[in-house]
Structure formats: C-alpha cells, structure tokens
Amino acid sequence: MTQTQAQSPPPSSSGPSPLLQVRDLHVEFHTRDGVADAVNGVSFGVEAGETLAVLGESGSGKSVTAQAVMGILDIPPGRITGGEILFEGRDLLKTPAEERRRIRGARMAMIFQDALSSLNPVLSVGYQLGEMFRVHRGTSRKESRIKAVELMERVRIPAARARANDYPHQFSGGMRQRIMIAMALALEPQLIIADEPTTALDVTVQAQVMGLLADLQREYRMGLILITHDLGVVADVADRIAVMYAGRIVETAPVGELYRAPAHPYTKGLLDSIPRLDQKGQQLNAIKGLPPSLLRIPSGCSFHPRCPVARAVCRADEPPLYEVGTGRASACHFWKELLDGQ
Amino acid sequence: MDSDGAGAQTWQQGGPEGGGPAVAESASPAGVPYAPREAILEVRDLVKHYPLTQGVVIRRQVGAVKAVDGISFELGRGETLGIVGESGCGKSTVAKLVTNLEAPTAGSILYKGEDVTRLSGRALKAVRRNIQMVFQDPYTSLNPRMTVGDIVGEPFDIHPEVAPKGERRRKVQELLDVVGLNPEYVNRYPHQFSGGQRQRIGIARGLALRPEVIVADEPVSALDVSVQAQVVNLMERLQDEFDLSYVFIAHDLSVVRHISDRVGVMYLGKLVEIGTESEIYEHPTHPYTQALLSAVPVPDPDAEAERTRIVLEGEVPSPANPPSGCHFRTRCWKAQEKCAREEPPLTVPERFAHAEGSAHHPSACHYAEERDPIGPE
Ligand SMILES: Nc1ncnc2c1ncn2[C@@H]1O[C@H](COP(=O)(O)OP(=O)(O)OP(=O)(O)O)[C@@H](O)[C@H]1O
Ligand SMILES: Nc1ncnc2c1ncn2[C@@H]1O[C@H](COP(=O)(O)OP(=O)(O)O)[C@@H](O)[C@H]1O
Ligand code: SF4
Ligand code: SF4
Ligand SMILES: [Mg+2]
Ligand SMILES: [Mg+2]
C-alpha cells in the first residue's frame, strides 16, 4: 500500500508553477465566546485557465479562505496564524499592503454573492466601472467612460450606453451580478474568485450568469475559483473540486471522478443526501447530526461524530490529506475501503 | 373566452355544482398509476392585487401589483402539491391567501366544499385551525424572546379546546418528540438552536392544532445541504403518520420533485402548467417549464455533458405591468403574433386532448409541445 502523505497538493506534473498556490493556511477569529478556528491548514493550487470549485456548507470556511487570498480579511477579529499564499511565485502574506492593493483589482479580482452591497449606491454604474481605469491606469475621464460602456456590453447589458448612468438599485439582481463581473474583468486579471456568485439568483438567471462567466474565463484564460454550496452548479463548470468541512479541505479531485467515486464519507454523504432533478428518488439518505461549532472542533477527524463508518482511530488521529490517485486526495483514514467498495 | 379553448377540456372537472367535493383528476403516467383523490382544498380563480399608490399628501392609486392573477388548483387528501416558479411570481402570496393570512381581491378557497373567504367568526376559526403554515426562514419567523415551549404552544392560546391548560406542557413535549427534538428543550430560546432545529420547531408549531393541510413556504431553502434532507424526510414521515396534505412551495425544483405528487408551475401571478410529478418533469409541454427545468444543473458531470440548456433571454417583467396575451411571451423563443393577442387558458392543449399519456395535462400555451429538458438530447 502506498499512502503518500500529501500535506500540500502534488505539484503539477509539467510546466510552470501554478498561478496560485495556498499552503497550510490557518485563520482564526477572536469572538466573545472564544477562538473560532475558521481555516485549519488549507492547501490548494489553481492554474491559469483552470476552474477550481470550492464546495462546502455554510460556515465551512470558504469565504474566509477567499478573503485571506484577496487580502480583505477583517483583521481583527480575524488573524492569519500560519501558511503561505503564493501568487505568481510571491508570498502575498509577506507582501507590503500598498503592493497588495495594486495586485487586487489589477491581477486578481473578486465577485461577491451580494452585488448590491458591494456596489456604491450613490454612484452610477458607469462611473464605478470607469473608476477602475482612472485609479489603476490613470485613464482620462472620457476614455474611462467609453471603456465602462464596452465592459457593460461585454457582459450583455442591453442598452449599455444609456444604462451606464443608472444607479445599482435600478438594475435587477442578475444584471447587478453581471456588472460585478464586468468590474472584476475590467483590468483583465489573471485570477478571479467568485464567492457564491449565483446563490441569490433564480435558476434561469443563474444559468445566464454562469454561462457568461464560463465564456469569459475561457476567452481570457483566467484562473477561476468558484465558491459554492451547490453540487449541481459545480458539475457543469469546474475542472477540479475541493470539498471543505470545518475549515479543512477533506477531498480534492477532478470533477468527474469526485461525483463518480467520492473518496471521503462526507462527500459521499452530500451526494447521497441531495434530491436530484433527473431522478424521482426514494427516501433521502440524510447525514445525521449538524456541522460542528468552530469553537469546539471534534478531535481526530472532525467529521467523526457524523461519519457512518467511523472507527476508534478516527476520534484520536487526525487524518492527513492522503494522495489517493492522480490529482486526487482525501482526508480519510479509510479512503481505500471507500474507493474499493464502489 | 379563447376560441382555441373550444374542444379542449378544462382541467377542473367535477366542481361544486353537485355540492360534494370535487375529485382531482389527472392522467396516469406510465408505470406509476396516479390515483385521483378526494379534494380537501379547491382554489378557484384566486386574485390578489396590491394597490400601487403615488403622492404624499393625497395618495391616489396609480395601478396594482398583480401578485396573484387568477389561479385555480385542487389539493387531494394526503397529497403533496408542489408550487415552483421564480422569485416574485407570487408563490408566497398564494400561501398567505390559502392560509387566510391575507384576504383575496377575488376568487374562492373551498375547504371540504365550503368557501373559506365567506366565513367569519367561529366557522372561520375552525377552518383556520385546519390549514396551517410553515414559514421559510427559521431565523426570523420565531420570536427570539419566547421559549420553544411558548412558541410551539402558542396556537393553543387561540384554540384552548385542543389542549386544556394543564395538558399544554405535555402536549408541547409530545410535539417536540414527534419532530425529533429533545422534549427537555422546552425552556430553551430559539438562538440556542441550529437552522435545521429551528425549522423543526416551526414544523412542531404548525402541527400543534392537528391540521389537515400544511402550507409550507420554502421550508428547507435556508438550510444547509446536509440538514435539508433531514427536514424533508421528517415532513414525509409526518405526512404518513398524520395523513397530512401539503402545499409545498419552493424554488428548488429538485426538492419539489422529490416530495411532490403533483406540481404547479407559476409565472407572473399565474399557473402556466400543472400535472403529476412525472408529467411536469419528464413531459412538460409549456416552454417556461421546459426552460426552468433545463436551467437547473444536475450534480453529475456525465449527465450534464449530455444535456442542452435552454437559456432564457432577459428577466421576469414587473407584475405591475405584465405583457398582454401570454405573460411569458417577452422571453419565449416560440412566441408568435397570436401570443400577444390572446391569453392561453390553462387547459389540456387541443393537440393532446385526445392523446393518451403524459402530455395530456393542463398547459397554458398556444403552441404546446412535448420536450424532455432534463434527460439527454
Ligand atoms: N468577521 C468575522 N468575525 C467573526 N467570525 C467570522 C467573521 N467572518 C467569518 N467568521 C466565521 O468564520 C467561519 C467561516 O466563515 P465563512 O464565511 O468563510 O464560511 P462559508 O463557508 O463561506 O459560509 P457561508 O456559506 O455561510 O458564507 C464562520 O464560523 C464565521 O462565523
Ligand atoms: N404587501 C405587498 N405590497 C406590495 N407588493 C407586494 C406585497 N407582497 C408581495 N408583493 C409583490 O407581489 C409579487 C409576488 O410576491 P411574492 O408572492 O412574495 O413572491 P415569491 O414568494 O414568489 O417570491 C412581487 O412582485 C411582490 O413584490
Ligand atoms: S477518518 Fe474516520 S471519521 Fe473521518 S471520514 Fe474517514 S472514516 Fe469517517
Ligand atoms: S403562448 Fe406563445 S408566448 Fe406563451 S408560452 Fe406559448 S408559444 Fe410562448
Ligand atoms: Mg460564504
Ligand atoms: Mg417567497
């Protein structure tokens, strides 16, 4: 049996180092009730032109990880207590704040779930898009405005020229999300992090926005980190998936393999518990219990109180992220039995 | 009346003429026979318009938001009717009307053949007891200053006949047990519970008066994926145990398919298609249903690769100013001139009227055609 421990994911087989490489990231929050361990040793990489989906339930640490990478974490109460974030080869955690601000927007950008609260309500959409060029590129007012309208056309806002004068609240949810995408694309960054970009949208609008994002990503060959709790959204657009539970990545795999043969009981539990549109299922196999409080993460494997196949060792020993195949890793002591049983 | 409607059956058969309750009838999908059931609830031509006013000193009405604009359906005893549709299409308004939390602008709601909208006083109170609501948001629908025992037992204040004072605590503890909560939690406050547990509290409260009908408005939408299945399973178990009838409202089409016997699809205040779960999901004939289903991603990359997606242009128009004729025509890829002129009625389309099989169900489209938007091309 060859169980190589892959604390950081295996380096990509060929070519240059990945665009983004996060190693052993730790983030905690100091709250009234104690220290919440939000991110506990997260490692992953994203290459140019690749879409990595980060899948996890509410509170699993997806957004905090993204905020740490973007450098927009609330510090305090948040604190990065360990790890490296290598972007284009340099460690962002050692990069001066001024320099990080320049990187943000120009080389990496973020799309948030709630576009309305991330856009300025008292400035027109055209002005806010143009501002990206004025601030980062020193472009003239007139030129910036032309570019802003171009961007709005790129994200398929009808009558873009006229609508550039409108304020965020005058747009529908789907259009606001497209304006957020335009804003993120403005300076043609290498990396985009989209945090639940379609969670607040209806399915028909979600399909429009995801289609747009996928087209633009292909065209610009950007790295894309797509954060979501929806197993369906991911299946269609991602190349690889990282599944998070209680602040850790418990499984990573190419998208097809993860759905066909999950190597972690939590992933398998998620897949078995959701009803599917294309099947009239029998009773759902719910995962028992609740996600843990981050103030008191269970010992050993943090999933053990809910795991249907847990054994004594699971309570005592925290499983490392085992390499379980090419480009696949699982943080379960019994990954092999799980894979063999399928 | 639409001339095309001639010859096409309307989907409401039976009716109050005979005085007795109508029978919800629907074609049987191949394989799984769908047994018509005695209707416990009949909703007819239900309308709710909210006035739009203008002016500060002298307010005058300048129009109306047509939140619900003529909806009819039946709910069989022990049955689950799912209602789906995009945000703002009127789902919650239907829920509020059916549970008597709001009065309709027009239309009737028959509970066991009796029009609830015409009742008052003691008769109304008795009906209300039997139609209970479970709300979407377990975080805001529970009063944070009340204990769980007070919340679950509150309906007994209005209906003391169900649980006399001395028995209330025991009744509440029974209810907590039924929904899988520890009966010793009666003195805890809502913030001490997780989202899934709060939703169970909401369900326990909905069950307190032993209703026959439960209208659940997005009961699992705010829950985590791993907890959602627990609550769905609970609702299915309770339905069997207490012979409940559900109106289950949700925007998650996968959950609705799982739990429903029949499904109604809403668009801009109207039902555009209604049928059994397999008629709607496997043999939809309305373009909107087809687009809606095709937009839902399936958690299976192999299945996804086989599908083609219908991507709708644009967004839902304002319910204050819906398009003429067919409300869906501004986004419909099949729209013809007739669609702007004539509103399609919700009937079995003429071309399927005499056909056997799953396309034979009500669909409000002049050019209804079968299409499977979930499976491979
Ligand atoms: N500013 C903050 N102060 C205190 N705790 C925080 C803060 N931001 C996040 N947290 C905590 O960190 C944990 C992880 O949060 P995060 O938002 O990353 O989770 P998530 O998986 O993205 O959840 P969701 O899907 O609900 O957004 C949570 O327990 C959250 O309460
Ligand atoms: N009290 C109200 N006053 C004015 N408009 C309302 C009111 N309640 C609902 N509406 C409008 O009615 C339409 C349908 O609302 P609702 O039933 O809540 O939609 P859903 O639950 O499907 O999201 C929406 O356009 C909404 O804005
Ligand atoms: S390590 Fe043990 S408890 Fe954790 S997922 Fe694997 S079997 Fe379950
Ligand atoms: S009636 Fe016309 S516009 Fe309406 S759904 Fe049918 S084809 Fe489309
Ligand atoms: Mg989040
Ligand atoms: Mg609603």
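Bear in mind the structure is a predicted one, so any value in this text is a computation, not a measurement.

Structural notes on the overall build of chain A
Regarding its fold elements, chain A presents 13 helices and 12 strands. A compact globule built from 342 residues would reach a C-alpha radius of gyration of about 20 Å, and chain A, at 21 Å, matches this within 12%. Along the three orthogonal principal directions, the C-alpha set of chain A runs to about 65 × 50 × 45 Å. Counting only residues that meet the buried cut, chain A has 54% of its 342 residues in that class. Put simply, of all contacts in chain A between residues at least 6 apart along the chain, 64% involve residues at least 24 apart. Of the side chains in chain A, 38 bear a positive and 37 a negative charge, and the two mean positions are spaced by 3 Å.

Let's talk about the interface of chain A and chain B
Chain A puts 43 residues into the contact, and the matching count from chain B is 43 residues. If you sort the residues of chain A by the area they bury against chain B, Thr204(A), Leu277(A) and Lys280(A) come out on top, with a joint share of 22%. The tally of links between chain A and chain B comes to 3 salt bridges. Its salt-bridge partner being Arg276(A), residue Asp300(B) comes within 3.3 Å of it at the nearest N-O pair.

Examining the sheet that holds strand β4 (residues 78–87) of chain A
Residues and elements named next belong to chain A. In space, the 4 strands of this open sheet follow the order β2-β1-β4-β5, with antiparallel pairing throughout. Looking at the sheet topology across the chains shown, the edges are occupied by β2 (34–46) and β5 (90–91). Note that strand β1 (residues 20–31) and β4 share 8 bridges and pair antiparallel. Considered in β4, the bridge of Phe29 is made with Gly78. The sheet strands contacting helix α1 (residues 62–70) are β1, β2 and β4, and the helix crosses β1 at an angle near 115°.

Remarks on the confidence of the model for chain B
All names here are of chain B. For chain B, the average pLDDT comes to 85, and 89% of its residues sit at 70 or higher. Throughout residues 1–33 the model reports pLDDT below 50, and contacts reaching past four residues in sequence, or to other chains, amount to 69 contacts. Prediction confidence for the complex, expressed as pTM and ipTM, is 0.83 and 0.83 respectively.

Structural notes on helix α1 (residues 91–98) of chain B
Residues spaced three or four apart along an α-helix point in a common direction, a consequence of the helix completing one turn every 3.6 residues. Most of α1(B) sits inside the fold, with 6 of its 8 residues counted as buried. Among the residues of α1(B), those classed as buried are Lys91(B), Thr93(B), Val94(B), Ala95(B), Leu97(B) and Val98(B).

A few points about the confidence of the model for chain A
In the predicted model, chain A carries a mean pLDDT of 89, and the fraction of residues at 70 or more is 95%. Confidence over residues 1–15 of chain A falls short of pLDDT 50; this stretch has 21 contacts with residues more than four positions distant or in other chains.

A look at the site of ligand 4
Neighbouring ligand 4 are 13 residues, the closest being Cys326(B), Cys332(B), Cys339(B), Cys365(B) and His366(B). For the shell around ligand 4, the per-class residue count stands at 9 nonpolar, 2 polar and 2 charged.

So, the packing of aromatic side chains
As enumerated under the stated definition, the model contains 7 aromatic pairs over all chains in all. Considering the side-chain rings of Tyr185(B) and Phe193(B), the 5.4 Å spacing of their centres and the 65° angle between planes classify their relative orientation as edge-to-face. In this structure, Arg134(A) packs its charged tip against the face of Tyr127(A), placed 4.3 Å from the ring centre.

Observations concerning the site of ligand 2
All names here are of chain B. For ligand 2, the full set of nearby residues is Tyr50, Val65, Ala67, Ser87, Gly88, Cys89, Gly90, Lys91, Ser92, Thr93 and Pro319. Cys89 is positioned with one of its backbone polar atoms (N or O) 3.4 Å from an oxygen atom of ligand 2. Within the contact set of ligand 2, an oxygen atom lies 3.0 Å away from a side-chain nitrogen or oxygen of Lys91. Surface burial for ligand 2 is 62%, taken as the share of its 560 Å² of free accessible area covered by protein chains. Of all the secondary structure elements, the ones that give two or more residues to the shell around ligand 2 are β3 (60–76) and α1. Take the shell around ligand 2: its biggest share by element is 3 residues, from α1. Of the residues belonging to the shell around ligand 2, the class tally is 5 nonpolar, 5 polar and 1 charged.

What about a nonpolar patch on the surface?
Residue and element names in this part refer to chain B. Taken together, the side chains of Val56, Val57 and Ile58 present a nonpolar region at the surface, about 410 Å² in accessible area. Note that Val57 resides in the loop between β2 (37–54) and β3. According to the relative accessible area criterion, Val57 is exposed, its value standing at 80%.

Re the sheet that holds strand β8 (residues 223–228) of chain A
All names here are of chain A. Ordered by their spatial adjacency, 8 strands build an open sheet running β6-β7-β8-β3-β9-β10-β12-β11, and the pairing between neighbours is mixed. Here the strands that pair on one side only, and so sit at the sheet edges, are β6 (108–111) and β11 (322–325). Ignoring which end each strand starts from, the neighbouring axes of this sheet average 25° apart. With 4 bridges connecting them, β6 and strand β7 (residues 191–195) associate as parallel partners.

Concerning the domain arrangement of chain B
For interface size, the figure often reported is the accessible area lost on association. All names here are of chain B. According to the domain assignment, chain B contains domain 1 (37–53 + 62–260) and domain 2 (285–377). Centre-to-centre separation of domain 1 and domain 2, based on C-alpha positions: 29 Å. Between domain 1 and domain 2, the residue contacts involve 11 residues of the former and 11 residues of the latter. For the domain 1 and domain 2 pair, buried surface summed over both sides reaches about 830 Å², with 62% attributable to carbon and sulfur atoms. Of all residues in domain 1, the largest losses of buried area upon contact with domain 2 belong to Lys66, Glu86 and Leu253, amounting jointly to 55% of the total for that side. Counting across the interface, domain 1 meets domain 2 through 1 salt bridge. The salt bridge involving Arg331 is made with Glu86; its shortest N-O contact spans 3.1 Å. The tally of links from domain 1 across to domain 2 stands at 3 residue pairs in polar contact (both at pLDDT 80 or more). Mapped by element, the contributors of at least two residues to the side of domain 1 that touches domain 2 are β3 and α8 (253–259). At 4 residues, β3 tops the list of elements feeding residues into the side of domain 1 that touches domain 2. For the side of domain 1 that touches domain 2, a count of residues per class yields 5 nonpolar, 2 polar and 4 charged.

Definitions and cut-offs
Residues numbered from 1 in each chain as written. Chains lettered and ligands numbered in written order. Predicted model: local features only at pLDDT ≥ 70, side-chain atom pairs only at ≥ 80, totals over all residues. Heavy atoms only, no water. Helix = DSSP H or I, 4+ residues; strand = E, 2+ residues; numbered from the N terminus. Rg over C-alpha atoms; globule rule 2.2 N^0.38 Å. Buried < 20%, exposed > 50% of the residue type's maximum accessible area, 1.4 Å probe, protein only. Contact = heavy atoms within 4.5 Å. Lys, Arg positive; Asp, Glu negative; His and termini not counted. Charge placed at Lys NZ, Arg CZ, Asp CG, Glu CD. Buried area = accessible area lost by both parts, 1.4 Å probe. Salt bridge = Lys/Arg side-chain N within 4 Å of Asp/Glu carboxyl O. Pairing = 2+ DSSP bridges. Axes fitted to C-alpha atoms, helices over the stretch in contact; angles between N-to-C directions. pLDDT = per-residue confidence, 0-100. Near = heavy atom within 4 Å. Nonpolar A, V, L, I, M, F, W, Y, C, P; charged D, E, K, R; others polar. Phe/Tyr/Trp six-rings, centres within 6.5 Å; stacked < 30°, edge-to-face > 60°. Lys NZ or Arg CZ within 6 Å of the ring centre and 35° of its normal. Polar contact = N/O pair within 3.5 Å; in protein donor to acceptor, adjacent residues only side chain to side chain. Areas by Shrake-Rupley, 256 points an atom, 1.4 Å probe, with all protein chains shown as cover. Patch = residues over 30% accessible without salt bridge, like charges linked within 9 Å, V, L, I, M, F, W, Y side chains within 5 Å. Domains from an automatic or database assignment.

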